[in-house]
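An overview of the molecular structure
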Amino acid sequence: MKAIVIKRPLTDTESVAILGKIKTGGYAMFADVSLPGRLQSFTQGNYDISEEKKKRINYETMDFVISFGDKVIGGKAVVDWLGFEDSSIWYYHKFRAYFRLRKLKYEQAEVSSLAEEYGEVEYYTAEPFLQKTKVPDKVSLIMSDTEARIKRNYCSIISYMMILKSRFLLNIFSFRKLRKPDHIIMDVTKRQAFLDINTLKVRKGNYVIGYLLEKSGKDFLIIDEAVQPKLSDGAKIRLSRDNLFGKGSRKNRFFGEPLLLKYFLSAGLRKKKKKLLSDIKAALNKLGDLCTEEDEKLLCDIYRSYAGATNFYLIKYLAYQKFFRKHPFKTITTVAENSPALKSILDAARSCNIKTVGIQHGNLHDLHPSYIYTKADRDKQVVPDHTLIWGSFWRDFLINKGHYPVHSPYVTGQIRTDIIPHLTDSKVGKEQVLPGISEKDKLIVFASQPQRDPRLRERAALDVINAVKAIPEAFLVIKLHPNEINDKKYYAGLAKKEGLDRIEITHSVDLYLLISVCDILITCFSTVGTETIYFGKPLIILDHLKQDIQNYHKEGVAFQASNEQELREFIKDILSGELSNDKKAYDDFISRYAFAIDGKAVDRTLEFIRNLD
């Protein structure tokens, strides 16, 4: 028996050839992508490696990537090979390099497993680096026979130029704002449903630090950045009010994009960036030649493939460095502080002796490469000077697991929770949050996530949909993750296929409103699980790999289901009253993970920042 495995869209020529082979018999066909109708009837679904094998790959790849930065090759560490000034491109790409390599290792494992089961294997893949790995002789890797052509999205580019012009003009008339502030807060989050802390009405805002932005005074400057356009066909940049005029009140708000324009007007900065980029490219090429192990070479190739992103981050670094040298602020604060787009800004600030502050915006865990560093990284002081975290558990995690300096993490509580005391005192009901459902309906909320593994993502959605469908009184709300704002059709299609009618899929309804009125919340490993505990609501984690990476089950605050049947039974037992929350475990969890739900996290945050020298 032979196997055909399809991991990418096929050309018409490939489809015809595969159909001819299938009709002759002796082939098993698997596909991860949509196939033409004439081929669809022959597929046996996805070919997948075991969940235990995926779990092992996850941790092995993480350990390898984290430690590779410290490896000495040719007389110096990899981090230093990729260094520029006092920073290193190594840290900028570490996050997505880990996920790219992990996905590659999944495919390697699939290829090896297929070779053991079938006499011959045709493997249609879009992963070019797979060709650089060792695969069994009986496996043929088939890349696309046509070059992928990227069409420039001129409409989005024109829109973005208009946005830049608007923001540039507004900055010209806002220059006086640069005279008074001592502190900067970066506002780079897309606006989402956000509760007004006084009226509890839903509006648009920065749901992570919105209350901080509103309460910051004249001594704070808010730097606003829009989303940069992409060249892909599907990318769209809209001439919205947020993009043209900022994501909130113009008070104390300044735009970041015009700072990048000043880079292009500076011949000196352009020359400096060209030299830095050339040095990094040369270092990567030499490093790749010196590496002896396959995975090391692959990681160097992955970093080389990010040349465009490296170029952009160097531009941001130099542009902001010029800005900070002219305007000597005391501090700069942001969420997602270890993401490259923001790390480049913080590195520029640090080079100008500005204190850098990160704010925890999600749960941290062993497989989060943005927060896992080595002891050598700690000595290089690569993380922000201070990281404001929710509770003592996260402080201990960053120090012991993430190797953060002892003085860096500081407990302030979670800013977003400042709304909870107001919300719990209100009498908001299900019908007010979701018009059309009854107070008698059992509201099950599934907080979805764009998981890196598409098969696990689909399996999670199907398990939830089918588990809820088996309970007549249950009504399912799928609360889309911010990065799934365009995925409503994906979940709607799965629900329609499985025959679930009592369902609503939303990204616009405020999360905290949903939690406050739900009967059960289900998630895989989202931060939403932590926030559910704040409200004292039953939590179920759908954990197919049984990793419990957020410790919900270990801490006794969540029921752990690994399949649809277990999920269905937990839902039934909770709704019937046979299962209930462990109040002591909930209280202990809040104390260690969130410090206090007292409505004062913003006050503690502002006090800490203002007291920095």
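Above this text sits the structure in question.
The structure contained in this document is the topic of the report that follows. From a predicted model like this one, the values you see are computed outputs, not experimental measurements. (Residues numbered from 1 in each chain as written. Predicted model: local features only at pLDDT ≥ 70, side-chain atom pairs only at ≥ 80, totals over all residues. Heavy atoms only, no water.)

**Description of the overall build of the protein**
Here is the rule we go by: By the criteria applied, helices consist of DSSP H or I runs no shorter than four residues and strands consist of E runs no shorter than two, each listed in order from the N terminus. With the radius of gyration taken over C-alpha atoms, the globule rule is written as 2.2 Å times the number of residues to the power 0.38. Burial classes: relative accessible area under 20% of the type maximum marks a residue as buried, over 50% as exposed, and values in between as partly exposed (1.4 Å probe, protein chains only). Here, two residues are considered to be in contact whenever any of their heavy atoms come within 4.5 Å of each other. Positive charges come from Lys and Arg, negative ones from Asp and Glu, while His and the chain ends are left out of the count. We put the charge of a Lys on NZ, of an Arg on CZ, of an Asp on CG and of a Glu on CD.
Across its full length, the protein holds 24 helices and 23 strands. Compactness check: the protein gives a C-alpha radius of gyration of 25 Å against a globular reference of 25 Å for 613 residues, within 12% of the reference. Its C-alpha atoms give the protein principal-axis dimensions of roughly 75 × 65 × 45 Å. Across the 613 residues that make up the protein, the buried fraction comes to 56%. Contacts spanning at least 24 positions in sequence make up 72% of the contacts within the protein whose residues lie at least 6 apart. Distance between charge centres in the protein, computed from 96 positive and 78 negative side chains, equals 8 Å.

**A short note on the environment of Cys291**
Along the chain, Cys291 falls in the loop between helix H10 (267-290) and helix H11 (294-305). A sequence separation of 217 residues divides Cys291 from Gly74, and the C-alpha atoms of the two residues are 9.1 Å apart. Residues in contact with Cys291, not counting those within four places in the same chain, are Phe68, Ile73, Glu296, Lys297 and Cys300.

**Points about the sheet that holds strand E9 (residues 183-187)**
Here is the rule: If DSSP finds at least two bridges between two strands, the strands pair. Helix axes use the C-alpha atoms of the stretch in contact, all axes being lines fitted to C-alpha atoms, and the angles between their N-to-C directions lie in the range 0 to 180 degrees.
Spatially, the seven strands line up as an open sheet ordered E13-E12-E9-E14-E15-E16-E17, and their pairing is parallel. At either margin of the open sheet sits one strand with a lone partner, and together these are strand E13 (253-255) and strand E17 (409-411). Neighbouring strand axes in the sheet, compared pairwise and without regard to direction, differ in orientation by 25° on average. Of the pairings in the sheet, the one linking strand E15 (residues 355-359) to strand E16 (residues 386-389) comprises three bridges and is parallel in character. Counterpart to Ile359 in the pairing with E16 is Leu388. Each of E9, strand E14 (331-335) and E15 touches helix H13 (residues 340-351); the most contacted strand, E14, lies at about 165° to it.

**Some points on the state of the cysteines**
Keep this limit in mind: The disulfide definition used here is simple: a pair of cysteine sulfur atoms within 2.5 Å.
Enumeration according to the criterion identifies zero disulfides in this entry. Cysteine Cys300 shares no disulfide, and the gap to the nearest cysteine sulfur, in Cys291, comes to 3.9 Å. On the accessibility criterion, Cys300 (2% relative accessible area) is buried. Not engaged in a disulfide, the cysteine Cys524 finds its nearest cysteine sulfur in Cys518; these two sulfurs lie 16 Å apart.

**Looking at the nonpolar core**
The criterion, for reference: Nonpolar cores were defined as sets of buried Ala, Val, Leu, Ile, Met, Phe, Trp, Tyr and Cys residues, with membership established by side-chain atoms within 4.5 Å.
Membership of the largest hydrophobic core comes to 148 residues, with the highest contact counts inside it found for Trp90, Leu299, Phe324 and Tyr512. A per-element tally of this core places helix H5 (residues 89-117) first, with 12 residues. Discounting chain neighbours no more than four positions away, the residues touching Tyr512 are Leu195, Gln414, Arg416, Thr417, Ile419, Ile420, Leu423, Glu531, Tyr534 and Phe535. One finds Val464, Ile471, Leu494 and Ile505 within the second-largest nonpolar core, a separate group that totals 31 residues.

**Section: the side chain of Glu531**
When you line up the elements, Glu531 lands in helix H21 (residues 528-534). Beyond its immediate stretch of four places on either side in the chain, Glu531 contacts Gln414, Arg416, Leu511, Tyr512 and Ile515.

**Observations regarding the sheet that holds strand E7 (residues 120-124)**
Neighbouring strands of a sheet are bound in pairs by backbone hydrogen bonds; such pairs are parallel or else antiparallel. Here we have four strands laid out as an open sheet, ordered E2-E1-E7-E8, and parallel in their pairing. One side of each edge strand has no neighbouring strand; the edge strands of this open sheet are strand E2 (27-31) and strand E8 (139-142). Shown here is a sheet whose adjacent strand axes are inclined to one another by a mean of 15°, direction ignored. Most of the contacts of H5 go to E7, to which it runs at about 155°, and overall it touches strand E1 (2-6), E7 and E8.

**Focus: helix H23 (residues 583-593)**
For clarity, the cut-off: Comment: arc refers to directions from the helix axis out to C-beta atoms.
Taken residue by residue, H23 has Ala585, Tyr586, Phe589, Ile590 and Tyr593 as its buried positions. Considered in projection along H23, the buried side chains sweep an arc of 135° and stay on one side of the axis. Counted as exposed and oriented over 90 degrees from the buried face of H23: Lys583 and Lys584. Against helix H15 (392-400), H21 and strand E22 (539-542) lie the buried residues of H23. Phi for Phe595, located one or two positions after H23, is positive at around 70°.

**Looking at helix H6 (residues 154-172)**
Spelled out, the test is: By definition here, a helix of n residues has an expected span of 1.5 Å times n minus one.
Taking 1.5 Å per residue as the helical rise, H6 with its 19 residues ought to reach 27 Å, and the 27 Å between its terminal C-alpha atoms agrees with that figure. Every buried residue belonging to H6 is among Ser156, Ser159, Tyr160, Ile163, Leu164, Ser166, Arg167 and Asn171, and all of these are buried. Take H6 and look down its axis: the buried residues cluster within an arc of 165°, on one side only. Facing away from the buried side of H6 by over 90 degrees, the exposed positions are Tyr154, Cys155, Ile158 and Lys165. Looking at the buried positions of H6, the neighbouring elements they touch are strand E12 (220-224), helix H8 (241-245), E13 and helix H9 (257-264).

**A word on the environment of Ile6**
Counting through the fold element by element, Ile6 comes out in strand E1. Separated by 181 residues in the primary sequence, Ile6 and Asp187 place their C-alpha atoms 41 Å from one another. When residues no more than four places from it in sequence are discounted, the contact partners of Ile6 are Ile18, Met29, Phe30, Ala31, Asp32, Val33, Leu35 and Tyr124.

**Focus on the pairing of E7**
The buried fraction of E7 amounts to four of the five residues, a majority that puts the element mostly inside the structure. In this sheet, E7 lies alongside E1 in parallel orientation, the contact comprising five bridges. In the sheet register, Ile6 faces E7, and the bridge partner there is Tyr124. Pairing geometry for E7 and E8, over four bridges, is parallel. Of the residues in E8, the one forming a bridge with Glu122 is Ser140.

**Considerations on the side chain of Lys316**
Summarising the element assignment, Lys316 is placed in helix H12 (residues 307-326). Ignoring any residue separated from it by four or fewer positions in sequence, one finds Lys316 in contact with Glu225, Leu260, Ala341, Ser344 and Ile345.

**As for the packing of H10 against H11**
A packed helix pair is summarised by two numbers, namely the angle formed by the two axes and the spacing between the axes. So the rule is basically this: Relative orientations are named as follows: roughly parallel for angles under 35 degrees, roughly antiparallel for angles over 145 degrees, roughly perpendicular for angles from 65 to 115 degrees, and oblique for any other angle. Left-handed describes a crossing whose near helix is turned anticlockwise from the far helix by less than a right angle; the clockwise case is right-handed. Three residue categories are used. Nonpolar comprises Ala, Val, Leu, Ile, Met, Phe, Trp, Tyr, Cys and Pro, charged comprises Asp, Glu, Lys and Arg, and polar comprises the others, including Gly.
At a minimum axis distance of 9 Å, the contact between H10 and H11 shows a crossing angle of 165°. Between H10 and H11, the angle is such that the two are roughly antiparallel. For the element pair H10 and H11, the recorded crossing hand is left-handed. Two secondary-structure elements touch here, H10 through Leu284, Asn285, Leu287, Gly288 and Asp289 and H11 through Lys297, Cys300, Tyr303 and Arg304. Of the residues that constitute the contact of H10 with H11, the class distribution is four nonpolar, two polar and three charged.

**So, the packing of aromatic side chains**
Using the following cut-off: When two rings of Phe, Tyr or Trp (its six-membered ring) have centres within 6.5 Å they constitute a pair, described as stacked for plane angles under 30 degrees, edge-to-face for angles over 60, and tilted for the intermediate range. Throughout this description, the term charge over a ring refers to an Arg CZ or Lys NZ atom that lies within 6 Å of the ring centre and within 35 degrees of the ring normal.
For the structure on display, the rule yields 29 aromatic pairs. With a centroid separation of 5.4 Å and 10° between ring planes, the pair formed by Trp90 and Tyr303 is classed as stacked. One end of the pair, Trp90, is in helix H5; the other, Tyr303, is in helix H11, and 213 residues separate them in sequence. Tyr303 shares its class with Trp90; the two are buried. In this arrangement the basic side chain of Arg416 is found over the ring face of Tyr512, its NZ or CZ atom lying 4.3 Å from the centre. A cation over an aromatic ring shows up here: Arg457 above the ring of Tyr490, its NZ or CZ 4.2 Å from the ring centre.

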